[in-house]
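The lines below spell out each chain.
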Amino acid sequence: MKIYLDGALVEKDKAVISVFDHGLLYGDGVFEGIRTYNGLVFRLKEHIERLYKSAGAIQLNIPITRSDMADAVVITLRANNLKDAYIRLVVTRGPGDLGLDPRKCKKPTIFIITDRITLYPKEFYQNGLKIVTAVTRRNLPQALDPRIKSLNYLNNILAKIDAIKYGVEEALMLTSDGYVAECTGDNVFMVKAGNLFTPPVSVGALEGITRAVVIDIARKTGITFSEKMIRPDDLYSADEVFLTGTAAEIIPVIMIDDKVIKGSKPGSITLRLMEEFKKLTKVDGVRY
Ligand code: PXG
C-alpha cells in the first residue's frame, strides 16, 4: 500500500512521522474522510474546501493549493489501484517541541491514506439501526466548534464508548442544553408528517457533506425541508429517523434508547432518499 506523505508516495511501513508532531502530541490538525465509488471520487471539491476551512479555523496554513491537494488524492488512488476506496486526508501542525506553542511547528505534515472501506452490515440498511443517547455531551461551539473537523476527536470517541457499552453502533450526542446535535460520526435527520428536519450546524454539529447532499436531493424531489432545533422527545415521536455520513451514507434508525421509532422499520422517505443517493454516487464524481 502506498501512502502520500509530504509530497511523495511511500510504502506503508516507510510512512512514518515524528513523535514530536503536534498532530500526535496535541491532536493539533485537521482531517477529511472521503469516499470513492467505482472509480469516482464523491464530492472531492467539497471535502477539500471543508479541509481548508477547518485548517483556517485553527489558523493552520496548508502549504499546498487546493488543486494540488486534489491532485495528490487522485495520484494516491491511482497508485493503489482502488475502485471503491476510503480516503483519509490529514494535515497536522507538524513537528514542534514539547510545548503547545504552534509557532514551533515550522512545516505542516500532510498525508493521505487510501484504503478499502469497511461498511456497516447490510442488515442495518434493510432493518435499521439501534442507537442510544450518549451521556457525553457534544463540545460547546464556544470551546471547540464541532464544525471544525479537527484531529481532536476525543469528544466523539467518549460518546462512541457510551454506544459500545450499550451494545449498539452509534450514539446520539446532545448539546450541553439538551438539544440534538449529531451522532459520533454522522448527522441526524427526522421526518414528521412528510417534512424533513435536521438541526442547524450552529448548535454544535459538523456541516456534513452527506447532509448537504441529502438536503439537495430533498429539494429536488419535492420533500419539504427545514433546519430546526430538535429535542430527544421530538426524535422519539418522529415518523422516520436516519443518519448521514461519508462512511454510513444514509442509514435508517429504528430505535433510540428504549423508544421504538414508528413502524420499527425504515420509512418511505428514508428509502427514497437512499435510492436517490445511490444513483448520485454512480454518476457524480471526479474520475481517476
Ligand atoms: N458528524 C461527525 C462528527 C463526523 O465526524 C459526519 C457528521 C458526517 O459528515 P460527512 O461529511 O462525512 O457527511 C462526520 C463524518 C470514520 C469516518 O472513519 C467518520 C466520518 C466520515 C467518514 C469516516 O469513522 N465522519
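Every value quoted in this text rests on a predicted model; they were computed, and no experiment measured them. Per chain, the residues get numbers from 1 upward, laid out in the order the sequence is written. The model is predicted, so local features are restricted to residues of pLDDT at least 70 and side-chain atom pairs to those at 80 or more, both for listing and for counting; the totals for chains, interfaces and linings are taken over all residues. Here the side-chain values reflect all heavy atoms present in the structure, with hydrogen atoms and water set aside.

### Topic: helix α5 (residues 154-165)
In step 1: Helix and strand definitions here come from DSSP, where helices need a minimum of 4 consecutive H or I residues and strands a minimum of 2 consecutive E residues; each element is numbered from the N-terminal end. Working rule for helices: expected span equals 1.5 Å times residues minus one. In a regular helix each residue adds 1.5 Å, so twelve residues correspond to 16 Å; α5 covers 16 Å between its end C-alpha atoms and thus fits that length.
In step 2: Using a 1.4 Å probe on the protein chains alone, a residue whose accessible area is under 20% of its type maximum counts as buried, one over 50% counts as exposed, and one in between counts as partly exposed. Within α5, burial applies to Asn155, Asn156, Ala159, Asp162 and Ala163. The buried residues of α5 occupy an angular sector of 110 degrees when projected down its axis, which confines them to one face. Those residues of α5 that are exposed and aimed more than 90 degrees away from the buried face are Leu154, Ile164 and Lys165.
In step 3: Contacts are assigned to residue pairs that have any heavy atoms within 4.5 Å of one another. Each element contacted by the buried residues of α5 is listed here: β7 (129-133) and β8 (170-174). What the arc covers is the set of directions going from the helix axis to the C-beta atoms.

### Quick notes on the domain arrangement of the chain
Frequently, the measure chosen for interface size is the accessible area removed from exposure when the parts meet.
In step 1: Domain ranges listed in this record stem from an automatic or a database domain assignment. Looking at the chain, the domain boundaries give domain 1 (2-115) and domain 2 (122-281).
In step 2: Using only C-alpha atoms to locate each centre, domain 1 and domain 2 end up separated by 26 Å.
In step 3: Contacts between domain 1 and domain 2 engage 23 residues on the former and 18 residues on the latter.
In step 4: We define buried area as the total accessible area lost by two parts upon association, computed with a 1.4 Å probe and summed across both. Overall, the association of domain 1 and domain 2 removes approximately 1700 Å² of surface from exposure, summing both partners, and the carbon and sulfur fraction of that is 63%.

### Structural notes on the site of the ligand
In step 1: Any residue with at least one heavy atom within 4 Å of a molecule or strand is counted as near it. Near the ligand you find 20 residues, and of these Tyr153, Glu182, Ile209, Thr210 and Thr246 are the closest.
In step 2: For this analysis, a polar contact is any N or O atom pair within 3.5 Å, provided that within protein one partner can donate a hydrogen and the other can accept it, and provided that sequence-adjacent residues contribute only side-chain to side-chain pairs. Arg88 is positioned such that a nitrogen or oxygen atom in its side chain is 2.9 Å from an oxygen atom of the ligand.
In step 3: Within the side chain of Thr210, one N or O atom sits 2.6 Å away from an oxygen atom of the ligand.
In step 4: Against a free-state accessible area of 530 Å², the protein chains account for coverage of 86% of the ligand.
In step 5: Grid spacing is 1 Å over the protein atoms alone, the probe is 1.4 Å, and a cavity is where that probe fits but cannot get out, while a pocket is an open set with protein on both sides within 12 Å along at least five of seven lines and lining residues have an atom within 4 Å of a point. Molecules are considered to sit inside a cavity or pocket once more than half of their atoms lie within 2 Å of its grid points. Of the pockets mapped on this structure, the ligand occupies the largest pocket. For the accessible areas, the method is Shrake-Rupley and the probe is 1.4 Å, while residue cover comes only from the protein chains on display.

### Focus on the packing of helix α6 (residues 209-220) against helix α8 (residues 268-283)
In step 1: Angles run from 0 to 180 degrees between N-to-C directions of axes, and those axes are lines fitted to C-alpha atoms, restricted for helices to the stretch in contact. Look at α6 against α8: their axes get within 10 Å of each other, and the N-to-C directions meet at 110 degrees. Relative to α8, α6 is oriented roughly perpendicular. Along the contact surface, α6 presents Thr210, Val213, Val214, Ile217 and Ala218, while α8 presents Leu273, Glu276, Phe277 and Leu280.
In step 2: For the contact of α6 with α8, the class distribution of residues is seven nonpolar, one polar and one charged. An angle counts as roughly parallel when it lies under 35 degrees, as roughly antiparallel when it exceeds 145, as roughly perpendicular when it falls between 65 and 115, and as oblique in every other case. Amino acids are sorted into nonpolar (Ala, Val, Leu, Ile, Met, Phe, Trp, Tyr, Cys and Pro), charged (Asp, Glu, Lys and Arg) and polar (every other residue, Gly among them).

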